2 protein chains.
Amino acid sequence: MSAMPTPQQNHLLAALPVEVQQRLFLNLELIPLPLGKILYESGDALRHVYFPTDAIVSLLYVMENGASAEISVVGNEGLIGVAVFMGGESTPSRAVVQSAGYAYRLLGKQFKAEVNRHGEMLHLMLRYTQALLTQMAQTAVCNRHHSIDQQLCRWLLLSLDRLPGDQLTMTQELIANMLGVRREGVTDAAGKLQKLGVIEYSRGHIKVLDRPRLEQLSCECYAVVKKETDRLLHYMPARPGSQFSQFSQLSR
Amino acid sequence: MSAMPTPQQNHLLAALPVEVQQRLFLNLELIPLPLGKILYESGDALRHVYFPTDAIVSLLYVMENGASAEISVVGNEGLIGVAVFMGGESTPSRAVVQSAGYAYRLLGKQFKAEVNRHGEMLHLMLRYTQALLTQMAQTAVCNRHHSIDQQLCRWLLLSLDRLPGDQLTMTQELIANMLGVRREGVTDAAGKLQKLGVIEYSRGHIKVLDRPRLEQLSCECYAVVKKETDRLLHYMPARPGSQFSQFSQLSR
DNA sequence: TTCTATCCGTGCGCTAACGCACGCAGTCAT
DNA sequence: ATGACTGCGTGCGTTAGCGCACGGATAGAA
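Along every chain, residues carry numbers that run from 1 in the direction the sequence is written. Working convention: letters from A go to chains and numbers from 1 go to ligands, in the order in which they are written. Restriction of local features to residues with pLDDT of at least 70 applies here, the model being predicted, together with a cutoff of 80 or more for giving and counting side-chain atom pairs; totals for whole chains, interfaces and linings are based on all residues. Side-chain metrics in this entry use all non-hydrogen atoms of the structure; hydrogen atoms and water are not considered.

A. The packing of helix α6 (residues 148-161) of chain A against helix α7 (residues 172-179) of chain A, seen in detail. Residue and element names in this part refer to chain A. Axis definition: a line fit to C-alpha positions, over the contact stretch in the case of helices; interaxial angles, taken between N-to-C directions, run 0 to 180 degrees. Secondary structure elements are taken from DSSP: a helix is a run of H or I of four residues or more, a strand is a run of E of two residues or more, and numbering for both begins at the N terminus. Where α6 meets α7, the closest approach of the two axes is 11 Å, and the angle between their N-to-C directions is 105 degrees. With respect to each other, α6 and α7 are oriented roughly perpendicular. Contact residues: Gln151, Leu152 and Trp155 in α6; Ile175, Met178 and Leu179 in α7. Basically, the charged four are Asp, Glu, Lys and Arg, the nonpolar ten are Ala, Val, Leu, Ile, Met, Phe, Trp, Tyr, Cys and Pro, and anything else, Gly included, counts as polar. A breakdown of the residues in the contact of α6 with α7 according to their chemical character gives five nonpolar, one polar and no charged. An angle below 35 degrees is treated as roughly parallel, one above 145 as roughly antiparallel, one from 65 to 115 as roughly perpendicular, and anything else as oblique. The contact criterion used throughout is that any non-hydrogen atoms of two residues lie within 4.5 Å.

And the structure:
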């Protein structure tokens with residue numbers, strides 16, 4: 001609602017040199033991303049890349065038997081469609097909107113053209129891709145070794161970092177799909193968090209009351225990824241007036 | 001043993017244009033990789049990249065509590081050290097030799113210099129990185145949803161693909177570390193496979209007797225990664241009229 | 001040969017997570 | 001206000017994998 005998103009709300013776009021921005025921004029197209037929208041399916045040839053401003057998109061892997069698992073989350077710190085510049089043009093995963101909002105999108109061709117100038121865009125994309133790699137690796141390990149309780153905390157923090165405020169709109173069923181666990185498992189874990197006074201849950205609305213505690217209860221995976229992402233994409237300090245200080249509040 | 005490995009045994013090196021090979025091969029250094037050797041630790045600044053000829057290297061993630069999990073396997077189809085050209089210079093994982101052999105290594109600086117020519121080397125590396133990404137994503141999903149039995153099959157196949165012959169030298173303890181499970185779990189799963197006549201196991205020596213059966217018993221993850229890796233790295237030259245024709249734009 | 005370190009098999013109790021089923025409570029449209 | 005639908009809580013029994021502990025087997029060294 002309210003103010004129209006600007007391209008600079010996406011951290012990658014914002015980090016580009018002015019001249020690159022000037023070239024690119026003309027071709028950007030603002031697209032609303034409603035909850036549940038699928039940006040691409042597993043194996044689809046990618047026509048566009050998306051730079052979220054305030055939406056969150058999950059990279060979800062769906063298996064033959066229908067079971068699924070999230071392998072990565074992308075918000076305004078990143079982009080969807082790295083496969084375009086990596087050369088594969090498609091990936092075996094699905095990109096689905098997890099939290100409604102907007103994204104700027106760019107034609108694959110135009111994106112590639114800019115990358116092929118071998119300037120800052122290329123290097124930014126490379127570093128972002130490494131951050132993505134880190135997130136996936138950590139997800140793999142987390143899936144192996146950590147309890148649902150811990151993973152829920154991690155997941156909430158990941159989402160929180162990509163949203164303004166302390167509210168999420170998210171049913172337990174959806175979270176379960178992302179984590180690749182049962183819905184009841186999420187109910188259980190969320191119930192514990194609520195009893196501890198860390199969150200408030202009600203019919204698809206979550207309010208985080210005690211973020212520090214959430215970080216304590218989470219597994220190390222959250223902090224590791226955050227630290228590494230910070231290191232790789234050490235953006236300029238958050239612009240004045242921006243409440244999206246996702247890369248500035250690592251405690252511990 | 002005996003014959004000295006050639007750089008061309010590594011698929012990536014072999015896939016490079018002759019002129020690039022001529023530039024690079026002078027700087028390659030043949031390095032023996034004994035079992036268990038650690039090429040780099042989590043967080044280490046990477047001095048070299050390694051192109052295995054006949055060794056297998058695991059990217060292993062070790063957690064705070066000591067638990068571990070393999071996030072990727074690299075043999076003669078790839079290289080160790082993508083972080084060098086991605087810009088991060090380090091990763092939060094450990095690279096450890098899982099099967100002894102040789103690798104050619106190259107100074108990070110020289111590797112970067114070649115990549116920075118923005119020629120075939122860059123594009124090859126990008127496609128390889130996407131293959132790596134795919135492997136990690138699949139590992140994450142596999143860790144979530146598949147049984148130890150299935151994962152063992154997958155793991156054996158991955159190793160087999162990177163070795164000549166049908167023999168592996170690998171204790172169950174080591175496999176357990178890679179899969180991030182108990183040693184007893186591996187004993188169990190391997191016992192079943194042996195009863196089925198699929199493998200022969202004896203004190204760190206595995207002989208695969210029935211590979212087709214192994215593929216049947218494995219989860220889909222093996223086939224998915226293999227197919228995608230093939231797509232990304234084998235069928236590189238864009239054929240006219242193929243859906244990868246946009247590809248040539250990047251590859252030139 | 002004999003010793004010893006390593007590797008592998010096995011049994012037992014335990015826990016986390018699963019699959020299923022049911023029921024209640026908000027929420028929204030009529 | 002009424003009904004229906006969605007989202008959440010709960011209580012089973014079941015199972016895969018864990019942690020531990022011990023014991024047998026095999027290879028390589030003394």
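B. Quick peek at the relation of the copies chain A and chain B. The copies were overlaid by least squares, fitting only the C-alpha atoms of residues that reach a pLDDT of 70 or more in each copy. Placing chain A over chain B gives an RMSD of 0.1 Å and needs a rotation angle of 180 degrees, together with 0.0 Å of translation along the axis. A rotation of that kind, with that shift, is consistent with a two-fold axis. If distances are taken from each C-alpha of chain A to the rotation axis, the shortest is found for Ala140 of chain A, at 1.8 Å. Looking at the interface residues of chain A, 96% of them are also at the interface in chain B, so both copies use one shared face.

C. Fine view of the pattern of salt bridges. Residues and elements named next belong to chain A. In what follows, salt bridge is the name for a side-chain nitrogen of Lys or Arg lying within 4 Å of a carboxyl oxygen of Asp or Glu. For the structure shown, the criterion picks out 26 salt bridges over all chains. Where Glu19 meets Arg23, a salt bridge forms, and the shortest distance between an N and an O atom there is 3.5 Å. Residue Glu19 and its partner Arg23 are both found in helix α2 (residues 18-25); the two are separated by four residues, about one turn of the helix. Here Arg127 makes a salt bridge to Glu120, at a shortest N to O gap of 3.6 Å. Relative accessibility thresholds used throughout: buried, under 20% of the residue-type maximum; exposed, over 50%; partly exposed, between the two (1.4 Å probe, protein chains only). Of the residues examined, Glu120 reaches a relative accessible area of 34% and is grouped as partly exposed. Within the structure, one salt-bridge network assembled from shared partners comprises Glu19, Arg23, Glu114 and Arg117.

D. Geometry of the domain arrangement of chain A. Residues and elements named next belong to chain A. Either an automatic procedure or a domain database provided the assignment from which the domain bounds are taken. When its domains are assigned, chain A resolves into domain 1 (7-141) and domain 2 (147-250). Just the C-alpha atoms count here: the centres of domain 1 and domain 2 sit 21 Å apart. A combined buried area of about 2400 Å² lies between domain 1 and domain 2, and 63% of that area is made up of carbon and sulfur atoms. For any pair of parts, buried area is found by adding up, for both, the accessible area (1.4 Å probe) each one loses once the two are put together. Sorting the residues of domain 1 by area buried against domain 2 places His11, Gln98 and Gln138 first, and these three jointly supply 23% of that buried surface.

E. Local environment of the environment of Gly75 of chain A. Residues and elements named next belong to chain A. Tracing the sequence through the fold places Gly75 in the loop between β5 (68-74) and α3 (82-86). When its relative accessible area of 0% is taken as the criterion, Gly75 is described as buried. Distance from Gly75 to Pro52, taken between C-alpha atoms, is 5.7 Å for residues 23 residues apart in sequence. Those residues within four positions of Gly75 in sequence are excluded, and the remaining contacts are Asn10, Pro52, Ala55 and Arg162.

F. Seen up close, the packing of aromatic side chains. Residues and elements named next belong to chain A. Ring geometry is summarised as follows: Phe, Tyr and Trp rings, the Trp one being its six-membered ring, pair when their centres sit within 6.5 Å, and such pairs are stacked at plane angles under 30 degrees, edge-to-face over 60 and tilted between the two. In the structure shown here, the tally under the stated rule is four aromatic pairs over all chains. Both rings, one in Phe51 and one in Phe111, keep their centres 6.5 Å apart while their planes meet at 70 degrees; by these two values the pair is edge-to-face. Here Phe51 is found in strand β3 (residues 48-52), whereas its partner Phe111 is found in helix α4 (residues 108-115), with 60 residues between them in sequence. Ring centres 6.3 Å apart and planes at 90 degrees place the aromatic pair Phe85 and Phe111 in the edge-to-face group. Of the two residues, Phe85 is situated in helix α3 and Phe111 in helix α4; the sequence distance between them amounts to 26 residues. Pair check on accessibility: Phe85 and Phe111 agree, each one buried. Site record: aromatic cluster; members linked through ring pairs are Phe51, Phe85 and Phe111.

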